[in-house]
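Descriptive structure summary
Residues per chain are reported as follows:
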Amino acid sequence: MAVFGKNILENLTTGMYPDARVLYREYVQNSCDAIDSAVDSGIIAREDTSIDIYINAEKQEIHIRDNGSGICKEDFVRVLSDIANSDKKRAVDKGFRGIGRLCGLAYCNEMRFISSAKGELKASVMTWNARKMRTMLNDDRKHTADEVLGAILDTSYQSANMEEHFFEVIMTGVTNPDLLNKDIIRNYLSFEIPVPYPNKFMFNEQIYEHAKQLGVSIDEYNVFVGDESDEQVFKGYSTRIYSGNKVHDEIKAIEFKDFYDENDKLIAWMWFGLSSLNGQIKAQGNIQRGLRLRKGNIQIGESGTLRRLFKDARGNEYFIGEVFAIHSELIPNARRDYFNENTICDEFERQLREFFDYLWKLCNVASDERSAYKSIKDYRESVTKFKEKIKTGFSGGVDRETMQNALEEKRQRAEKAQRTLRKSTETTDDDITVRVKSIVRTVEITGVPEPLKPLPEIPSEVKKSENGKKSKPIYITDELSQYTKETRRVVGRIYDLINQNAPNIAQELITKIHAGLKLKRD
């Protein structure tokens with residue numbers, strides 16, 4: 001007969017998950033299964049269900065309670081002490097391996113499971129001495145897993161209301177401060193667990209409608225977090241994309257993609273947001289960034305789990321969206337950071353890679369369009385500045401020549417950009433590509449003349465006077481009339497040297513020098 005040593009418990013607790021916050025996901029997904037069971041059996045209506053998470057940082061306590069079916073007294077000890085041998089169904093229930101309940105032992109001194117089924121007068125209590133468990137795991141003595149469990153487990157009973165049905169996890173002496181930070185936990189849960197989209201996310205009805213058309217549901221539960229468990233958790237989606245404190249981009253529309261196997265059975269489906277795709281979405285201020293993978297509306301892995309399926313991993317951070325795995329053979333692994341390997345998973349990845357290639361091309365299309373608009377805009381603005389210089393005067397010959405050469409280069413780029421845009425409008429694109437181009441156009445030409453209108457000519461600074469003679473270029477040194485012609489020529493030469501040797505600070509430096517020279521001499 002095989003004997004499991006104590007290290008198996010270490011692997012299932014302290015060594016199982018790198019992120020302590022995972023314990024919330026594990027307990028919430030068990031609560032979701034209990035709520036589904038209660039609703040299916042008619043014990044409670046879906047709208048009356050809730051999962052309440054109480055966090056008391058001062059007392060270092062966490063309570064997670066649901067009003068699902070509960071566990072009856074007869075089955076309580078067997079169900080909760082039977083490790084990795086759950087009664088749940090692999091392709092139906094969210095938590096089915098029977099190991100997730102142990103994760104809390106790594107982060108508290110004591111953990112209690114309390115439960116009661118409807119019609120019972122007693123609630124069952126199982127107390128786990130987590131501190132003692134860690135001591136036994138860390139000592140040099142050999143222990144079997146059964147010996148450790150026998151030393152740290154205790155079962156008791158307390159009175160209960162016959163109408164109550166619940167399951168509660170209580171952790172005391174919580175050792176990880178992040179687990180007691182309500183803001184950190186709300187943000188984590190807003191993507192990790194199956195909760196509704198916020199009403200402020202304007203595309204939620206489109207997402208629900210698409211799921212309905214596919215004949216699938218998006219599992220959602222009422223989850224509350226706080227001192228008094230009074231703040232409901234919603235998914236953290238927003239249409240605004242920030243860079244620092246400023247709005248950098250915005251989701252203007254969403255699109256969908258469905259994935260089927262060779263027998264036309266749905267493998268997965270996804271929605272993704274369309275913006276002007278103006279660079280990667282920064283992590284700071286944009287909790288929603290990335291295409292996230294979900295099964296049972298619970299996140300698989302983290303926001304970057306699908307990055308490896310892009311040819312360029314950066315592509316994942318240009319979008320927001322969700323990939324919902326549907327096929328029964330897409331089974332989350334024990335750590336729930338990806339799926340078990342099988343032929344369906346291989347086909348799922350193949351189709352995602354193919355579609356992500358398309359999404360990356362969208363990024364390149366948006367970049368090309370944006371660059372074209374900016375080249376045209378830059379040339380028009382440079383022409384305006386050059387006209388202004390003709391009136392106010394150049395700082396010197398180098399300044400004049402540099403601006404003329406730069407203007408000619410910008411005109412060439414603008415002409416090339418116009419050819420690109422004309423070709424783009426003549427190309428027969430798919431609907432999504434057309435929408436991306438339209439979004440880029442809306443963002444880039446706001447307040448700017450139509451980009452395909454004829455470009456302005458490079459203005460000539462030399463005009464003929466009334467007597468038919470060509471006028472000389474105007475230089476700002478002409479303003480220094482209090483100085484001799486030779487002095488003005490020297491000043492102009494100094495300005496040219498500054499322009500040549502310190503172009504980055506030339507304008508500011510010349511302006512200061514010139515202002516000083518313009519002051520009337522004593």
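Everything in this summary refers to the structure shown in the same document.

Cut-offs applied
Residues numbered from 1 in each chain as written. Predicted model: local features only at pLDDT ≥ 70, side-chain atom pairs only at ≥ 80, totals over all residues. Heavy atoms only, no water. Helix = DSSP H or I, 4+ residues; strand = E, 2+ residues; numbered from the N terminus. Contact = heavy atoms within 4.5 Å. Areas by Shrake-Rupley, 256 points an atom, 1.4 Å probe, with all protein chains shown as cover. Polar contact = N/O pair within 3.5 Å; in protein donor to acceptor, adjacent residues only side chain to side chain. Buried < 20%, exposed > 50% of the residue type's maximum accessible area, 1.4 Å probe, protein only. Pairing = 2+ DSSP bridges. Axes fitted to C-alpha atoms, helices over the stretch in contact; angles between N-to-C directions. Parallel < 35°, antiparallel > 145°, perpendicular 65-115°, else oblique. Nonpolar A, V, L, I, M, F, W, Y, C, P; charged D, E, K, R; others polar. Salt bridge = Lys/Arg side-chain N within 4 Å of Asp/Glu carboxyl O. Patch = residues over 30% accessible without salt bridge, like charges linked within 9 Å, V, L, I, M, F, W, Y side chains within 5 Å. Expected span 1.5 Å × (residues − 1).

A short note on the overall build of the protein
- From N to C terminus, the protein includes 12 helices and 15 strands.
- Contacts in the protein between residues far apart in sequence, at least 24 positions, make up 73% of those at least 6 positions apart.
- Split by element, the accessible area of the protein, about 26,900 Å² in all, is 47% carbon and sulfur.

Description of the environment of Gln-288
- For Gln-288, the location among the structural elements is in the loop between strand 12 (266-274) and strand 13 (290-295).
- Along the sequence, Gln-288 and Thr-239 sit 49 residues apart, while their C-alpha atoms lie 9.2 Å from each other.
- Ignoring any residue separated from it by four or fewer positions in sequence, one finds Gln-288 in contact with Phe-191, Gly-236, Tyr-237, Ser-238, Arg-240, Ile-241 and Ile-320.
- A distance of 3.4 Å separates a polar side-chain atom of Gln-288 from the backbone oxygen of Ser-238.
- At 3.1 Å, the side chain of Gln-288 forms a polar contact with the backbone oxygen of Arg-240.

A look at the environment of Phe-76
- Relative to the assigned elements, Phe-76 resides in helix 3 (residues 73-81).
- Since its relative accessible area comes to 1%, Phe-76 is described here as buried.
- Once the C-alpha coordinates of Phe-76 and Met-126 are considered, the two residues, 50 residues apart in sequence, prove to be 8.6 Å apart.
- Every residue in contact with Phe-76, bar those within four places of it in the chain, is listed here: Ile-71, Phe-113, Ser-115, Ser-124, Val-125 and Met-126.

As for the sheet that holds strand 7 (residues 223-226)
- Judged by pairing direction, the sheet is mixed, and its 8 strands sit side by side in the order 5-4-3-6-2-1-7-8 without closing on themselves. The two strands at the open ends of the sheet, each matched to only one other strand, are strand 5 (153-159) and strand 8 (231-232).
- Bridge count between strand 4 (residues 122-129) and strand 5: 7 bridges; the pairing is antiparallel. When the bridges of strand 5 are listed, Ala-123 appears paired with Gln-158.
- Most of the contacts of helix 3 go to strand 4, to which it runs at about 20°, and overall it touches strand 3 (110-116), strand 4, strand 5 and strand 6 (166-172).

So, the packing of helix 9 (residues 397-426) against helix 11 (residues 485-501)
- Where helix 9 contacts helix 11, the two axes come as close as 7 Å, and the packing angle between them is 45°. Taken together, the axes of helix 9 and helix 11 lie oblique to each other. Note on element contacts: helix 11 touches helix 9 through Asp-496, Asn-499 and Gln-500, opposite Gly-397, Val-398 and Asp-399.
- Of the residues in the contact of helix 9 with helix 11, the class split is 1 nonpolar, 3 polar and 2 charged.

Remarks on the pairing of strand 7
- Sheet topology note: the strand 1 (residues 51-56)/strand 7 ladder contains 4 bridges and is parallel. Among the inter-strand pairings, Tyr-54 is bridged to a residue of strand 7, identified as Gly-226.
- Sheet analysis places strand 7 next to strand 8, joined by 2 bridges and oriented antiparallel. Paired with Phe-224 across the strands is Gln-232, a residue of strand 8.

With respect to the sheet that holds strand 11 (residues 253-260)
- One open sheet holds the 5 strands; their spatial order is 11-12-15-13-14, and the pairing between them is mixed. Unpaired on one side and paired on the other, strand 11 and strand 14 (298-300) mark the two borders of the sheet. Taken pair by pair, the neighbouring strands of this sheet meet at an average axis angle of 30°, ignoring direction.
- In terms of strand pairing, strand 13 meets strand 14 through 3 bridges, oriented antiparallel. Within strand 14, the residue paired with Arg-294 across the bridge is Gln-299.
- Sheet contacts for helix 10 (residues 431-444): strand 11 and strand 12; angle to strand 12, the most-contacted strand, approximately 20°.

Things to note about the pattern of salt bridges
- For the structure on display, the rule yields 29 salt bridges.
- Residue Arg-46 is joined to Asp-36 by a salt bridge in which the shortest nitrogen-to-oxygen separation is 3.0 Å. Linking Arg-46 in the loop between helix 2 (22-40) and strand 1 with Asp-36 in helix 2, this pair joins segments that are 10 residues apart in sequence.
- Taking the relative accessible area as the measure of exposure, Asp-36 reaches 17% and is therefore buried.
- What emerges from the salt-bridge pattern is a single network uniting Arg-25, Glu-26 and Glu-192.

Focus: a nonpolar patch on the surface
- Taken together, the side chains of Ile-505, Leu-509 and Ile-513 define a hydrophobic patch exposed on the protein surface, amounting to about 230 Å² of accessible area.
- Within the fold, Leu-509 resides in helix 12 (residues 506-518).

Some points on helix 9
- In this model helix 9 runs 44 Å from its N-terminal to its C-terminal C-alpha over 30 residues, within 8% of the 44 Å that 1.5 Å per residue would give.
- If you check which residues of helix 9 are buried, you get Val-398, Asp-399, Leu-407, Arg-411, Ala-414, Ala-417, Gln-418, Leu-421 and Ser-424.
- The secondary structure elements touched by the buried residues of helix 9 are helix 8 (343-392), helix 10 and helix 11.

All we've got here are geometric facts, nothing functional implied.
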